[in-house]
Every structure is written in C-alpha cells, then in structure tokens.
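# A structural walkthrough
Letter by letter, the chains look like this.
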Amino acid sequence: MEKTVGIVLEEAKPNLQKKYSVRISVEAYDLVVRTAVDSELIAEILDGACEMVVEKFRNRAWELEYYDKAYELRRALVEITELYREADSQFWVARLRSERDSASIFIGEFLYTWDFGMRYFLDQENTEKIRLLRKYAASNSSNNNVDDDDVVGRFLDDIQPQLINRFRSLLTVEACHVAEVVSRLTDVPLTQIVRSRDYKENSINMIKSRVVDQDGVIDEIFKTLAFEVTSSTTHRRRPRGSFLLLGPSGVGKTEIAKAVARHWYCDTSRFVEIDMAEYAAVKSINQSAECRDFWNRVNEVVAKRPYSVILLDNIDKASSVVVRALVEVLNNGAKNNSVDLSKSILFLTSTNVASNNLNGYVSDLLDSLDKVVVVERFSNRQAVARLLIREIVRDVYGERIVVHASNAAIDALFLKAPTLDIEGGKAIRNALLEHVIPRLSTAQGLNDVYVDTVVGTTTTTNELSFRFQTQVENVGDVYFKFVDGAFDNFIADLRTKVEAVDTLFKLRQTTSSSSSSSIIIDACDEILKCSLSSYDMLLKYERRDEYSRVPTVEEKERFEHLCSRMKKKDDLAKIMALNTSLKKKKKDDNLSVKHCLLKGLSRFEKLELISELKESFGESLLLHVRVDQDECRGDQVKKLLLERVKENNNNNSEDNNSGMVLVFDGLVFADDVLYNTLLDIFDNGTALDPVDHTHVDFRKCLIYLFSKYY
C-alpha cells in the first residue's frame, strides 16, 4: 500500500506544484503518506492542501496574522505602562512582558523576511522576459486575443520558479496544511494528526494561559491525555480521558473543559455540556425513559463527532440509576452498550468537594475515573478579571479597542459583584457586562480605553471613570522607532506585490484558452511596476533617530553581570552614610564611580531616598531620570548627563569638589544607548562626548539604579 501511495504522490506532486504555483515540502509529503488510506484520498488531501495555501495567499491571511500580533503588542504595551510599578500586579506584568516579547519577535521576523525577500523582486533576466511578454501581447492587441497561448505559457513557466521562491514562506505547502485538510475530511483534531511534542505542549500552555491559578489541575489532566493510545488500548470503548472536577461554583471547572475542547481538540464546538440535574428523578434502569434519553443524547454527540469533550455538570444531582449506568460504561461493562466514547474526553463536575453525595456510588464511580481533581478557588482575582475583560472586549469589539482597568477599578468592580465569594468568575463576568462593557459603545476608531475610579469615590458608590484615547500612531512605528506611517506603507507595498503575483499566477492558469491581450498587458505592467520599485523596503522609511536599537542579548547580559557586582545596601541609613562619605572626598585621581543597585523599593521608599538626597546634596547636584517615560530616549539622556556632569566638573574647585548624584528609575526600559553609556561609565569612569570628542569624568558621581526586575 505504501508503495502505491509513493507512486501516486510522485505523479501528483509536480502537476499540483505547477497547477497551483506552490512548492510542496518534504514534511507535507511524509504526512500524506502516513495519513492517506487510499489513492483517491491521497489526491484529495494534497490537492486540498495546495488549494488552501493559494487561498490564504490570495486572501492575505499573512496580513491578518500580522495585525493580530500588532494588536497583542499594542495591548501589552498599554497595560505594562500602567501596571509595571504596581507591586501586586507583577504576575500579570510578567505575562504581559511575555506577550510583548512574543508579538514583537513575530513582527520583527515578519519584517526581516519580507524586507530581505523583496529586496530584488525579479532579477534582471526575468524582468526582461516580462517586458518581452508584454511586447508580444501588445503586438497581438489588434486581435484582442493572443494567438499562441503556448508562448505565453512558456514565458510564465520561466519566471514562475523565482516568484514562488520570493514568496516561499507563503507558497510552500507544509505539514500543517496537510493536517488541516485531513482534519477537515475526517473531523480528527490537529493534535491527534500532527505528531509533534512541541505542538501538543503549546496546546497545554494555551490552556494554562486561559485558566488562572489552575496549572496543577491541568498538569494532572494531561498526564492522562498526553499518553499515546497504542494498539493494545485501541479496542477499548471507555473515554479517552475521564475526570471528576470537584470545587465550588465559579472556580473554573467548566472553563477548564472548554479550554481542553478549544486547544487540545482544536474546536470550541466540540464542547457539549449536559446538566445532570435533569436526570435526578430516574427510578429504574430498565424502565426509565429519562435514562434512555440521557444515553441517546450522549450517543448522538459521539456518533456525530467522536472527538468531543462532554461535560456532565452537577453529577452529584443525578439519579443513582444514571450513575450506575455511567460506572458500567466507564468500566467497559455496560450491557448492550452502543456508546463508543474511546475518542471523547469526559468531565464530571460537582460542587461537593467532600465527594460523599454521589448517590451511594462514590467508591465505584471514583474507581472508574482516570483522575479526581479538586479545583481550588483561585487567589488572583485581578488576573481573572483582566482575562475576562480581554475575552469579552474581543468578542464584542474585535481588535478595535484595548481596555485597561486599573487595580482600583477592578477592586471597585469586585464590590459591585455581591456574589463574588460564591460564584467567583461568573460574578466577575456579570459585573463586567453590567458596569463596563456598555460604556465602551461610544469608542470611535482605534481607541485605548482606561477604566479607573472617580477621584474622591467612596466604597459605597464605587463610581468608575472612563477615559478614551485615540490611537493615532501604528504600534509598530512606535515600538520599532520608525517614522509615522512606515508600517502601514510597508504592508501596502507587500500587499501590492502579492496581488501582482497572484494576477500573474491566475494568468498562467487561464492560458489553456485564448487569453485577452489587455489582461496580459495589465498583469505585466503590475509586475514591472513592482520590479522597478525594488528597494530595501525598510530603508525607505527613516527611523525616528539613530539611537533606537534595542540592546542586544550580550549587552544586557554584560550589564546584568555588572549589576550583580554592585553594592546592595540594606537600608536607607547605610545609603546615606555612603552619601556622606562621598561628600567628604577630596580630589583624588584614583576615585572610582560609586554605584548602587536598589531592587524592590516601594514608591514611598524611593520618594524618601530622593528627598534625603536632595537635602544632602541639593537639587543642583541631583539628576533624577525616569527611563520609562516615552520622551526619555537614550540619546537624550546621554546628552543631558554629559551636559550636567561636564558643567559640574567645570564649576568645581579645590575646596568644592562635590560629585553629582544620578538616579535612574525604571531601568528595564533603557535602550542600547543608555545601556552602553552606563557600561562605559562603570568600566572606565568616563563617557565620550560625541560633540567635542572629549571624555567626561564621572568618577566623582554617585549612581543609583532603581529596578524591580534585575
């Protein structure tokens, strides 16, 4: 059979590549061999995968993916800016940083790929062929149709390989495309087709990111689900996994089951919920119509979609008859059982944590299940609220607005949810739908919405305020420091090229019949226009300034190593003792820069320290730099440092030899210029002034670095 599959594929592959103007990867080829059961299905799978790739190319799926990541980046930056100083928000800030880094890496790689790939759209030889094709079509324009389509076909065949290579990341059929087609034809989830540990681990991580404070529960579930089904276990009819989730209402039991359907079985519609309270009055397993109705319902679900996630909610309220029947099915011993649950995942839930109210079948039922897990009440309510805000806002408004709620606003929202302690996440969702979401309807265009409490509000009113800020600049321009409009123009340029290439590929597919001369001429003109505009696309757009690069990994590691060697003072008294000793220092050629890294200081402690520094040194000798502020770029900070320290050094006399105190707050936001300036100061005690090329002496300075993150 495998030999037949190989022969069929070898025959189909070149024809499909030419027909659809794509490249079929080795991995896609291998997956077809593994999953196809007959020669007809082989052709259908591979043809469907090629068609899918072309449709995604034509419908600009790449552009939608880019804008999804841009939205994630924008959302993360909005929230990080507001929350990074809040001590009780560090869990969420860490998550935001991970999202920011993931989105920015994707966008950076996207830009690099297309900037490099489009640098030379067509080489000189193929550009000349396009000109000859246009000339040939123009010579036949009087007849409206081209006389010899073979000539057109040969021209297009010659340039097709280079165009496919230019867009190879979009026009290559990968294993994931084959898996999507197989999943569509067989209704088997992608996680069961793609034998990739990374793919499955990513699914598990997605579930953990969706459900707060339940990593242990999810790990227990996937110890069972991640176990590969072998030939010795394929005969079983019991569920792929069966779990009893015990916990109070609102802790996330239902959300865990939904997340498994969405990310493990790749489709939320696979989730089916049955309230077992509906089957509480059953008296006899042989005579009860309700019991038959229950199993008919389950059978209907798995017959339609074998890979389903079934939630039997409130199992403690079900009749003992239904529970007994369920135990028999779980034990593979039900009489006349037509229900095959071998591909389904079964979740049972109960609010009775003691597990002693399952109608006399506790022991048998618990022994029949794969796992019994207690779902504790989540402790991080704010993170749950922020996840729900994201989910609801995206469902209602798409990616048009980003909503950030302050900690105070979320706390006020909790007070508006009287059943919070009982219903947990459900109460938070209801409070959001009532008090926040309706107020967002006035948002126009791209808005960042900031929700806070009204100044002077009391715990009895808990009044919320809403501030709408229009997003004018593209987040890519801001984050990557390009001039306004650079990213939008970049995407527009790429879109034009994709459309031009697509036009040419369509023309190649229509050459079996007489082609219109005007269509050929228009297609050639579009390609030539793109070819003539060949340039290094990103270099077309000036950066905001030359000091915009993000520090390299090596620079950050070197800086962190220096920070780890810095003196860390135990309290403000010791810090001020260092200040005093510095003030008494006379001119000494062997002076070195005094520097101190302070981690985890509260806002009050920072203010107290700065106040003491002002009193001890005077405001003229204190320079406090807020690195996190938008206007505080490395080149500006460096210029300010050099000017102030140089001025102070020039004003010093033998009797007045005070050094300056330099305070850097929010060091994690520093760019490469500030990093390297500080590295020079720490290593050499000086920094080079690029204006007059002199070295400015920092050895009499005392430097404080504030950061929670090193």
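A quick note: this is a predicted structure, and the numbers were derived from the prediction, not measured.

## Some details on helix α6 (residues 124-139)
Relative to the 22 Å expected for 16 residues at 1.5 Å per residue, α6 spans 23 Å between its end C-alpha atoms, a close match to the ideal helical length. If you check which residues of α6 are buried, you get Asn-126, Thr-127, Lys-129, Ile-130, Leu-133 and Ala-137. One side of α6 holds all its buried residues, which, seen down the axis, span an arc of 155 degrees. In α6, the exposed positions that point more than 90 degrees away from the buried face belong to Gln-124, Glu-125, Lys-135 and Ser-139.

## Describing the packing of helix α4 (residues 61-83) against helix α21 (residues 486-509)
Remark: α4 packs on α21, axes separated minimally by 11 Å, with the N-to-C direction vectors making an angle of 165 degrees. Taken together, α4 and α21 sit at an angle that is classed as roughly antiparallel. Considering the relative orientation of α4 and α21, their crossing is right-handed. For the pair α4 and α21, contact is made by Trp-62, Glu-63, Tyr-66 and Tyr-67 and by Phe-487, Asp-488, Ile-491, Leu-494, Arg-495 and Val-498, respectively. Class assignment for the residues of the contact of α4 with α21 results in seven nonpolar, no polar and three charged.

## Some details on helix α12 (residues 253-264)
The end-to-end C-alpha distance of α12, which contains 12 residues, comes to 16 Å, matching closely the 16 Å that a straight helix rising 1.5 Å per residue would cover. Taken as a whole, α12 has its buried residues at Lys-253, Ile-256, Ala-257, Ala-259, Val-260, Ala-261, His-263 and Trp-264. Of the residues trailing α12, Cys-266 is marked for its positive phi of about 65 degrees.

## Examining the sheet that holds strand β6 (residues 345-350)
In any sheet, the strands associate via hydrogen bonds between backbone groups, in a parallel or an antiparallel arrangement. Spatial strand order, β4-β5-β6-β3-β7: five strands in an open sheet with parallel pairing. Of all the strands in the sheet, just β4 (271-275) and β7 (371-374) have a single pairing partner and so form its edges. If you compare each strand with its neighbour and ignore which way they point, the axes differ by 20 degrees on average. Direction of pairing for strand β3 (residues 241-246) relative to β6: parallel, over a ladder of six bridges. Its bridge partner lying in β6, Leu-244 is registered against Leu-348. In the packing of helix α11 (residues 215-225) onto the sheet, contacts are made with β3, β6 and β7, and the angle to β3 comes to roughly 165 degrees. Relative to β6, α12 is tilted by about 165 degrees, and along the sheet it contacts β3, β4, β5 (309-313) and β6.

## Some details on the pattern of salt bridges
This structure, assessed with the given rule, holds 33 salt bridges. For Arg-305, the salt bridge is made with Asp-187, and the minimal N-O distance between the two is 2.8 Å. You can see Arg-305 sitting in the loop between α13 (289-304) and β5 and its partner Asp-187 sitting in the loop between α8 (175-186) and α9 (190-193), a full 118 residues away along the chain. The exposure class of Arg-305 is buried, given its relative accessible area of 17%. Shared partners join several salt bridges into a network, and the residues in it are Glu-79, Arg-95, Glu-99, Arg-386 and Arg-390.

Reading the values: the criteria
Residues numbered from 1 in each chain as written. Predicted model: local features only at pLDDT ≥ 70, side-chain atom pairs only at ≥ 80, totals over all residues. Heavy atoms only, no water. Helix = DSSP H or I, 4+ residues; strand = E, 2+ residues; numbered from the N terminus. Expected span 1.5 Å × (residues − 1). Buried < 20%, exposed > 50% of the residue type's maximum accessible area, 1.4 Å probe, protein only. Arc of directions from axis to C-beta. Axes fitted to C-alpha atoms, helices over the stretch in contact; angles between N-to-C directions. Parallel < 35°, antiparallel > 145°, perpendicular 65-115°, else oblique. Left-handed = near helix turned anticlockwise from the far one by under 90°. Contact = heavy atoms within 4.5 Å. Nonpolar A, V, L, I, M, F, W, Y, C, P; charged D, E, K, R; others polar. Pairing = 2+ DSSP bridges. Salt bridge = Lys/Arg side-chain N within 4 Å of Asp/Glu carboxyl O.

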